[in-house]
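Examination of the molecular architecture
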Amino acid sequence: MSYTLEEIPKPIYEETNLKRRKTITKVTTYTLKYFTNYFIEKGFEWFLPVILSKSTDPLWPDPGTSIEKRVETEIYGENVRLMLSMIVHKMIISSLLTPKMFVLSPNIRIERRERAFTGIHCFEFTQLDFEIRYANSRDVMSLVEDLLNKYLSDIKKDLEYELKLLGTYDKITYYNSPFKVYDREELENKFGKKWEEKIKKEIKEPVWIVNIPREFYDFEDFETNKWDNYDLYLPNIGEVLSGSRREYEYEKIVKKMERDGVRKENYNVLLKLAKEGKLKSSAGAGIGIERIIAWVCGCKHIGEVQPFPRIPGYVFEL
């Protein structure tokens, strides 16, 4: 679904319907508290985010990438980038410090201007990123299914007034687990290259999409050419979570970097740990906070979740 110029969310100082935005704020507070409490109760350690780093997600050769500019700067004589995703950092944390971790990670991705009208893209957004040592894909998918169903059940009880005000109360329901799984190759054969737009309009419940060619850290079986990764899609909004089992063997990581043209010098620490056998097998994911909240609130654009929307192509006064 695409959106018109008139439907682009405004900053709160230009908003004419502050009651709706205040209600979305209540849902945001509830969601952040619920998600973080859930992970803590499951034994995860909460880490603070990294904003500037030499190592960040290359977002290459992911076919879904639409980056107009990578923001780099120089500090103390070293070139660093604003964080695109903390995947490298959480792989290292789960290998060296704690088997289960999560972080509320601000991500900066200067998307191409035309993505202003997708309804699901912002150039600044927050992910709840988590990683589990020695986990497999089903472990992560089961965890997320449990979280989502408990969250939807509880928010419907606890914020009945707010959800009715937003017009989404009757649309929120329990979904049978495990969720249905689609292979990306099957969707491409059925819908073509634009399967993502098609599937989010067709589905009536959450589904997993697996086997998506992506970056070097997603696990790839060289014999079958299958990828052990998974994205969660919700009706009408599309992808709200992306994750995978991780590569941890030095030779495989290097081979994939060389194949995909990824600069190895940007990942010296990761490669050193892998070569020394200190990088452990893990699996994890990143949950798009704005997208989940927008879906629950029935927002036309995820920028409604942000008091000062960070929409591709738009730079507001604040």
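The structure this text deals with has already been given above.
Re the environment of Pro9
In this structure, Pro9 sits in the segment before α1 (18–41). On the basis of relative accessibility, which here comes to 6%, the residue Pro9 falls in the buried class. Non-local contacts of Pro9, meaning those with residues more than four positions away in its chain, are made with His301, Gly303, Glu304, Pro309, Ile311 and Phe316.

Here's the deal with the nonpolar core
Counting 52 residues, the largest nonpolar core has Phe130 and Tyr151 as its most contacted members. Ranked by residue count, the leading element in this core is helix α3 (residues 137–158), at 9 residues. Excluding anything up to four places from it in sequence, Phe130 contacts Phe39, Phe44, Lys90, Met101, Phe102, Val140, Leu143, Val144, Gly284, Ala285 and Ile287. With 16 residues, the next largest nonpolar core counts Met91, Ile253, Val262 and Ala274 among its residues.

Structural notes on the sheet that holds strand β4 (residues 72–75)
Here 3 strands make up an open sheet; going across it, the order is β2-β5-β4 and the pairing antiparallel. In the strand order of this sheet, the two ends are held by β2 (52–53) and β4, each with one partner. Across 2 bridges, β2 lies against strand β5 (residues 78–82) in antiparallel orientation. Of the residues in β5, the one forming a bridge with Leu52 is Leu82.

Examining the pairing of strand β15 (residues 282–288)
Within a regular strand, side chains alternate between the sheet's two faces. When you tally the buried positions in β15, you get 7 out of 7 residues, the bulk of the element. Of the two faces of β15, the one lined by Ser282, Gly284, Gly286 and Gly288 and the one lined by Ala283, Ala285 and Ile287 are each fully buried. As paired strands, strand β8 (residues 124–133) and β15 are joined by 7 bridges and run antiparallel to one another. The residue of β15 that forms the bridge with Leu128 is Ile287. The pairing of strand β14 (residues 238–245) with β15 spans 5 bridges and is classified as antiparallel. Bridge assignment links Ser242 to a residue of β15, and that residue is Gly286.

Here we look at the sheet that holds β8
A sheet is described by the order of its strands in space; here 8 strands give the open sequence β1-β6-β8-β15-β14-β13-β10-β9, paired in mixed fashion. Of all strands in the sheet, those with a lone pairing partner are β1 (45–47) and β9 (180–183), marking the two edges. Averaged over all neighbouring strand pairs, the angle between strand axes comes to 25°, with direction disregarded. Two strands pair when backbone bridges link them, and strand β13 (residues 229–234) and β14 are joined in this way by 6 bridges, in the antiparallel orientation. Paired with Leu234 across the two strands is Gly238, which belongs to β14. With respect to the sheet, α1 is in contact with β1, β6 (100–108), β8 and β15, its orientation differing from that of β6 by roughly 145°.

What counts and what doesn't
Residues numbered from 1 in each chain as written. Predicted model: local features only at pLDDT ≥ 70, side-chain atom pairs only at ≥ 80, totals over all residues. Heavy atoms only, no water. Helix = DSSP H or I, 4+ residues; strand = E, 2+ residues; numbered from the N terminus. Buried < 20%, exposed > 50% of the residue type's maximum accessible area, 1.4 Å probe, protein only. Contact = heavy atoms within 4.5 Å. Core = buried A, V, L, I, M, F, W, Y, C linked by side-chain atoms within 4.5 Å. Pairing = 2+ DSSP bridges. Axes fitted to C-alpha atoms, helices over the stretch in contact; angles between N-to-C directions.

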